[in-house]
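Understanding the architecture of this molecule
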Amino acid sequence: MTFSKILVYVETSEDSPAEHSLELIWKARELASKADMSVEAVLVGHGVFDIAREVTYRGVSKVHVVDNPRLATYSLIPYTTAIAEVIKKTEPEIALFSATVIGRELAPRVAARLKTGITADCTDVDIGSWVDPSTGRKYEKVLYQIRPTYGGEIMAAIVTPSHRPQMATVRPGLFPIPPRDTSRSGEIVGWNIEIADEEFSKIEVLEVRREQRKVDLKSAKLIVSGGRGCGLKGLELVRELAEVLGGEVGASRAAVDSGWISYDHQVGLTGQTVKPEVYIAIGISGAVQHVVGMKDSKIVIAINKDPDAPIFRVTDYGIVGDLFVVVPKLIEKLKRR
Ligand SMILES: Cc1cc2nc3c(=O)[nH]c(=O)nc-3n(C[C@H](O)[C@H](O)[C@H](O)COP(=O)(O)OP(=O)(O)OC[C@H]3O[C@@H](n4cnc5c(N)ncnc54)[C@H](O)[C@@H]3O)c2cc1C
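This one's a predicted model, so the numbers in the text were calculated from it and none came from an experiment.

Points about the nonpolar core
- In terms of nonpolar packing, the biggest core is built from 49 residues, with Ile 6, Val 8, Ala 41, Leu 43, Ile 83 and Leu 96 touching the most fellow members.
- Looking at this core element by element, the count peaks at 6 residues for helix α1 (residues 19-35).
- If sequence neighbours within four positions are ignored, Ala 41 has contacts with Leu 7, Val 8, Val 10, Ile 25, Val 55, Val 60 and Val 63.
- Counting 34 residues, the second largest nonpolar core, distinct from the first, contains Val 224, Ala 255, Met 294 and Leu 323.

Have a look at this one:
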């Protein structure tokens, strides 16, 4: 057994590879170049060979395709079988999934079939050697599965030294998308995986409804976020400032839990991870669970009336003052410009 490759499960969006899967390919390529490994992908569906070609343009050396009319619509159990079987046949060292709704339910089932471990919802992954402190044994090409733990108080690096593949789901929105290069040529391998009839009958898909996402925090260049300090009235100011600046509106969990704004605006551990060029936090204290979701923003600005608020530890520019005084002034000045 060689176990020298990283396998990425690629989800599809319309007739393309999903953007978050491409981000994961970027990360897999980074790990692979560090550890002298190759990156391969697995794609499941029907009529997906053109999508597989697209995936090779992003720097994947081989795409394993399970193409079957019965797999045209995503279905948990048959997809689990398809991916688990491809993994058994191709023996990757590492298998990565995006921590999306689909990846979060699929990956643990695949891991259970393969009797290996999995870390869910990683905010980063790395690769290197690892020495077991109890035996002194050294393991190579160990996947460091990094994620916040204890309510975000610490970042844990979890390892699966003695089972293969090493598996993780990784949050979307953390890595760039590798450039599309049509001069790249990768191999596309079709697999005929037998999936029993009863696997299809366990879950019946009655209808597929596409969610109309109103908020696009992940690709936003500028986010203005409001917290508990804003109240409903202050959030109106947050919205106005975001509009004047051409940005998106984010929020802390406290603001979401108060019912002032919907969950798809939430930034943080149990919300979205964002990294805009500019992040403006208004009336947000800077709890670790919030900071973990925005700390990679290029420039962080905070407006808070408490000079000791923890948010000021991660800001590039801080304004100490009452948001109901500061924000209207800002809006007025920006409008004049
Ligand atoms: C497991 C777990 C997961 C969590 N996940 C998340 C998450 O994803 N995202 C998240 O945000 N939180 C999350 N939290 C909650 C987190 O711990 C905090 O409770 C939350 O972030 C606090 O929100 P806040 O900063 O808006 O409110 P507060 O902590 O109450 O801060 C309000 C701030 O507003 C300031 N303020 C008040 N009035 C004004 C004014 N007039 N002008 C200027 N400033 C003012 C105050 O000085 C204060 O600093 C999670 C917690 C746990 C345990």
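With respect to the sheet that holds strand β4 (residues 38-45)
- Reading across the sheet, the 7 strands line up as β7-β11-β6-β1-β4-β5-β12 and stay open at both edges, with parallel pairing between neighbours. Two strands close off the open sheet at either side, each with one partner strand: β7 (118-122) and β12 (187-190). Strand after strand, the sheet turns through a mean of 20° between neighbouring axes, direction not considered.
- Where strand β1 (residues 5-9) and β4 come together, 5 bridges link them in parallel fashion. Within β4, the position partnered with Ile 6 by the bridge is Val 39.

Overview of the sheet that holds strand β13 (residues 222-226)
- Taken in spatial order, the 5 strands make up an open sheet running β14-β13-β15-β16-β17, and their pairing is parallel. The open sheet has two edge strands, β14 (248-251) and β17 (317-320), and neither has a second partner. Strand-to-strand twist across the sheet, computed as the mean angle between neighbouring axes with direction ignored, equals 20°.
- The pairing of strand β16 (residues 299-304) with β17 spans 4 bridges and is classified as parallel. Across the sheet, residue Ile 301 finds its bridge partner in β17, namely Tyr 317.
- Contacting β13, β14 and β15 (278-282), helix α6 (residues 231-245) crosses the sheet at an angle of about 175° to β13.
- On top of the sheet, helix α9 (residues 323-336) reaches β15, β16 and β17; it is set at about 130° to β16, its chief contact.

A closer look at unusual backbone geometry
- Geometrically, the link from Arg 164 to Pro 165 is a cis peptide bond, its omega value of -5° lying close to zero.
- Along the chain, the position of Pro 165 falls in the loop between β10 (154-158) and β11 (166-170).
- Phi is positive for Glu 91, which is not a glycine, with a value near 50°.
- The residue Glu 91 is located in the loop between α3 (76-90) and β6 (94-98) in this model.

Some remarks on the site of the ligand
- Every one of the 29 residues lining the ligand counts as a neighbour, but Gly 227, Gly 229, Arg 253, Gly 268 and Ser 285 are closest to it.
- At the level of elements, α7 (253-257), α8 (288-291), β16 and α9 are the ones that each hand at least two residues to the shell around the ligand.
- Take the shell around the ligand: its biggest share by element is 3 residues, from α7.
- Residue composition of the shell around the ligand, by class: 10 nonpolar, 14 polar and 5 charged.

Some points on the domain arrangement of the chain
- Here the chain is partitioned into domain 1 (5-202) and domain 2 (222-336).
- Taken together, the contact pairs 8 residues of domain 1 with 7 residues of domain 2.
- When grouped by side-chain class, the residues that make up the side of domain 1 that touches domain 2 number 2 nonpolar, 4 polar and 2 charged.

A word on α3
- For α3, which comprises 15 residues, the first-to-last C-alpha distance of 21 Å matches the rise-based estimate of 21 Å (1.5 Å per residue) to within 8%.
- Where α3 is concerned, the buried positions are Pro 78, Tyr 79, Thr 80, Thr 81, Ala 82, Ile 83, Glu 85, Val 86 and Ile 87.
- Along its buried surface, α3 packs onto β1, β4, β5 (62-67), β6, α4 (101-114) and α5 (197-202).
- Of the residues trailing α3, Glu 91 is marked for its positive phi of about 50°.

Procedures and definitions
Residues numbered from 1 in each chain as written. Predicted model: local features only at pLDDT ≥ 70, side-chain atom pairs only at ≥ 80, totals over all residues. Core = buried A, V, L, I, M, F, W, Y, C linked by C-beta atoms within 7 Å. Buried ≥ 20, exposed ≤ 12 C-beta atoms within 10 Å, placed from the backbone. Helix = DSSP H or I, 4+ residues; strand = E, 2+ residues; numbered from the N terminus. Contact = placed C-beta atoms within 7 Å. Pairing = 2+ DSSP bridges. Axes fitted to C-alpha atoms, helices over the stretch in contact; angles between N-to-C directions. Near = placed C-beta within 6 Å. Nonpolar A, V, L, I, M, F, W, Y, C, P; charged D, E, K, R; others polar. Domains from an automatic or database assignment. Expected span 1.5 Å × (residues − 1).

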